[in-house]
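Close look at the chain arrangement
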Amino acid sequence: MAEKIFPATDDQLEKVQAFVDEQLVAYSCSTKVKFQLDVAVEEIFINIAHYAYQPEQGGTATIRCSVGGDPLQVVIQFLDSGKPFDPLAKKDADTTLSAEERGIGGLGILMVKKSMDAVDYTYSEGKNILTIKKSLG
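An unreviewed UniProt entry annotates the protein chain as ATP-binding protein originating from Candidatus Intestinimonas merdavium.

This part takes up the sheet that holds strand β2 (residues 60-68). Spatially, β1-β2-β3-β5-β4 is the arrangement adopted by the five strands of the open sheet, whose pairing is antiparallel. Across the chains shown, the open sheet's two edge strands, defined by having one partner strand only, are β1 (2-7) and β4 (118-124). The mean angle between the axes of side-by-side strands here comes to 20 degrees, regardless of whether they run parallel or antiparallel. Across the sheet, helix α1 (residues 13-24) is in contact with β1, β2 and β3 (73-80); its angle to β2 comes to roughly 15 degrees. The strands touched by helix α2 (residues 31-52) within the sheet are β1, β2, β3 and β5 (127-135), with β3 carrying the most contacts at an inclination of about 5 degrees.

We now examine the nonpolar core. Counting residues in each nonpolar core, the largest one holds 31 residues, and the members touching the most others are Ile63 and Ile76. At the level of secondary structure, the elements contributing two or more residues to this core comprise α1, α2, β2, β3, α4 (107-115) and β5. When residues in this core are grouped by element, the largest group, nine residues, is from α2. Setting aside residues up to four positions removed in sequence, Ile76 forms contacts with Val20, Leu37, Val41, Ile63, Arg64, Cys65, Leu130, Thr131 and Ile132.

Here we come to the pattern of salt bridges. As enumerated under the stated definition, the model contains three salt bridges in all. A salt bridge links Glu3 to Arg64, with the nearest nitrogen and oxygen atoms 2.8 Å apart. Linking Glu3 in strand β1 with Arg64 in strand β2, this pair joins segments that are 61 residues apart in sequence. Note on Glu3: relative accessible area 47%, which makes it partly exposed. Among the residues examined, Arg64 registers a relative accessible area of 26% and is labelled partly exposed. The salt bridge involving Lys34 is made with Asp38; its shortest N-O contact spans 2.8 Å.

Time to look at the environment of Lys134. With respect to the element layout, Lys134 can be found in strand β5. On the accessibility criterion, Lys134 (10% relative accessible area) is buried. Residues Lys134 and Ser115, spaced 19 residues apart in sequence, show a C-alpha to C-alpha distance of 8.3 Å. Within the local environment of Lys134, its side chain forms a polar contact with the side chain of Gln36, the two groups lying 3.1 Å apart. A polar atom in the side chain of Lys134 sits 2.8 Å from the backbone oxygen of Ser115.

We now examine unusual backbone geometry. Omega for the peptide link from Asp70 to Pro71 comes to 10 degrees, which places this bond in the cis form. Here Pro71 lies in the loop between β2 and β3. At Glu125, a position not held by glycine, the phi torsion is positive, near 50 degrees. The class of Glu125 is exposed, set by a relative accessible area of 80%.

Parameters at a glance
- For every chain, the first residue of the written sequence is number 1, and numbering continues from 1 along that sequence.
- In view of the model being predicted, local features appear only for residues whose pLDDT reaches at least 70, and side-chain atom pairs are presented and counted only at 80 or more, with totals across whole chains, interfaces and linings using the full set of residues.
- Note: side-chain values were computed over all heavy atoms of the structure, leaving out hydrogens and water.
- The rule for pairing is simple: two strands pair if DSSP sees at least two bridges between them.
- A run of H or I in DSSP counts as a helix once it spans at least four residues, and a run of E counts as a strand once it spans at least two, with each numbered from the N terminus.
- An axis is simply a line fitted to the C-alpha atoms; with a helix, the fit covers only the stretch in contact. Between two such axes, the angle follows the N-to-C directions and lies from 0 to 180 degrees.
- When checking whether two residues touch, look at their non-hydrogen atoms; a contact exists if any pair is within 4.5 Å.
- Among buried residues, the Ala, Val, Leu, Ile, Met, Phe, Trp, Tyr and Cys ones that are joined through side-chain atoms within 4.5 Å form a nonpolar core.
- Only protein chains enter the accessibility calculation, which uses a 1.4 Å probe; a residue is then buried when its area is under 20% of its type maximum, exposed when over 50%, and partly exposed in between.
- When a carboxyl oxygen of Asp or Glu is within 4 Å of a side-chain nitrogen of Lys or Arg, the pair counts as a salt bridge.
- N or O atoms closer than or at 3.5 Å make up a polar contact, with two conditions inside protein: a donor-capable atom paired with an acceptor-capable one, and, for residues adjacent in sequence, both atoms drawn from side chains.

Written out as structure tokens, the structure reads:
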């Protein structure tokens, strides 16, 4: 499993996505799957950058990525030492409501949940660990 640590700041998003893309180069990854992964990585990383740490505190996000198995799948883990937060515990955003009625928050993680094959959260040893899995086959 490849692993890299990034400052949890918006300006690191392109580097995070490039890191994930590097792990996929040797595999046939459809444009649709690549787009879904890019959106999921962006949503999760930007949420870590904006909400995991106090602005004056700053912090890092560790990204782990592996490709393998049968059927072939990518597994991406996002780890941070910010305040504990399970994005999967919140009720899904009601997309039948207008934006004004629905309120802020929840739409991004809903997109991640709907586009990935599996999404899992755990809090262990002082770290939030969000894992996404997506079939490449």
